[in-house]
Amino acid sequence: MRRKKLCHMCMEVVEMNQEQLINSIEQQLDNLQSINQMSFDYWLNELCDENDELIVEKCSEKVLSQLEQEVYDYD
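This structure is a prediction, so every number in the text was calculated from the model and none was measured. (Residues numbered from 1 in each chain as written. Predicted model: local features only at pLDDT ≥ 70, side-chain atom pairs only at ≥ 80, totals over all residues. Heavy atoms only, no water.)

1. Focus: the overall build of the protein
Put simply, the rule is: Starting at the N terminus, helices and strands are each numbered in turn, a helix being any DSSP run of H or I of at least four residues and a strand any DSSP run of E of at least two. Categorising residues by exposure relies on relative accessible area from a 1.4 Å probe, with only protein chains included: less than 20% of the type maximum marks a residue as buried, more than 50% marks it as exposed, and the intermediate range marks it as partly exposed. What makes two residues a contact is simply this: any of their non-hydrogen atoms within 4.5 Å. Reported accessibility uses the Shrake-Rupley method at a 1.4 Å probe radius. Residues are deemed covered only where the shown protein chains occlude them.
Secondary structure assignment for the protein yields three helices and zero strands. Secondary structure elements of the protein, listed N to C terminal, follow the sequence α-α-α. Considering the protein as a whole, with its 75 residues, one finds that 27% of them fall into the buried category. For the protein, the proportion of contacts with a sequence separation of at least 24, taken over those separated by at least 6, is 64%. Accessible area for the protein stands at about 6,100 Å²; split by element, carbon and sulfur atoms hold 50% of it.

As structure tokens, this is what we get:
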């Protein structure tokens, strides 16, 4: 019983980290949109569906790092 409870707690932490990752990616996309529209359009095409919703499976720490670097480079 205890193990199951612990696993459930771990899953919540993973979901929270995924949520933080998505929020950070969305923030970097917003930042990028205000400084470089072409780059923003590229990333929107790469990461979002036809309704401009992020595709969660495409979100990763590597993507976030690339977005942060682009925002830094263009800013």
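2. Considering the confidence of the model for the protein
How we decide: A score between 0 and 100, pLDDT records how confident the predictor is in each residue.
Overall, the predicted model of the protein reaches an average pLDDT of 84, with 79% of residues at or above 70. Mean pLDDT in the protein bottoms out at helix α1 (residues 2-35), which sits at 73, and peaks at helix α2 (residues 37-47), which reaches 96. Confidence over residues 1-16 falls short of pLDDT 50; this stretch has zero contacts with residues more than four positions distant or in other chains.

3. Examining α2
This is how the line gets drawn: For this quantity, the arc is that covered by the directions from the helix axis to the C-beta atoms. Polar contacts, as used here, are pairs of N or O atoms within 3.5 Å; protein pairs need one atom able to donate a hydrogen and one able to accept it. Residues neighboring in sequence count only if both atoms are side-chain atoms.
All of the buried residues along α2 are S39, F40, W43, L44 and L47. One face of α2 carries all of its buried residues, which in axial projection span an arc of 135°. Facing away from the buried side of α2, by more than 90 degrees, are the exposed residues M38 and N45. One side-chain oxygen of the residue at the start of α2 lies 3.2 Å from the amide nitrogen of M38, identifying that residue as N36.

4. A look at the nonpolar core
The condition is simple: Nonpolar core, defined: a set of buried Ala, Val, Leu, Ile, Met, Phe, Trp, Tyr and Cys residues in which side-chain atoms within 4.5 Å join the residues together.
In terms of nonpolar packing, the biggest core is built from 16 residues, with I25, L29, W43, L47, L54 and L67 touching the most fellow members. In this structure I25 touches L47, L54, C59, S60, V63, L64 and L67, once residues within four positions along its chain are discounted.

5. Remarks on the side chain of S39
Take S39: it is sitting in helix α2. A polar contact is formed between the side chain of S39 and the side chain of E70, at a distance of 2.2 Å. Residues contacting S39, with those up to four places away along its chain left out, are L32, E70 and Y74.

6. Some words on the layout of surface pockets
Short version of the rule: Grid points spaced at 1 Å and placed over the protein atoms alone form the basis of the search, with a cavity being a set where a 1.4 Å probe fits but cannot get out and a pocket an open set showing protein on both sides within 12 Å along at least five of seven lines. Lining residues have an atom within 4 Å of a point. Grid points are joined across faces, edges and corners, and a volume is the space filled by probe spheres set on the points.
Looking at the largest pocket, its volume works out to about 150 Å³. Lining of the largest pocket is provided by E26, L29, D30, F40, L44, C48, D52, E53 and L54. The leading source of residues in the lining of the largest pocket is α1, at three residues.

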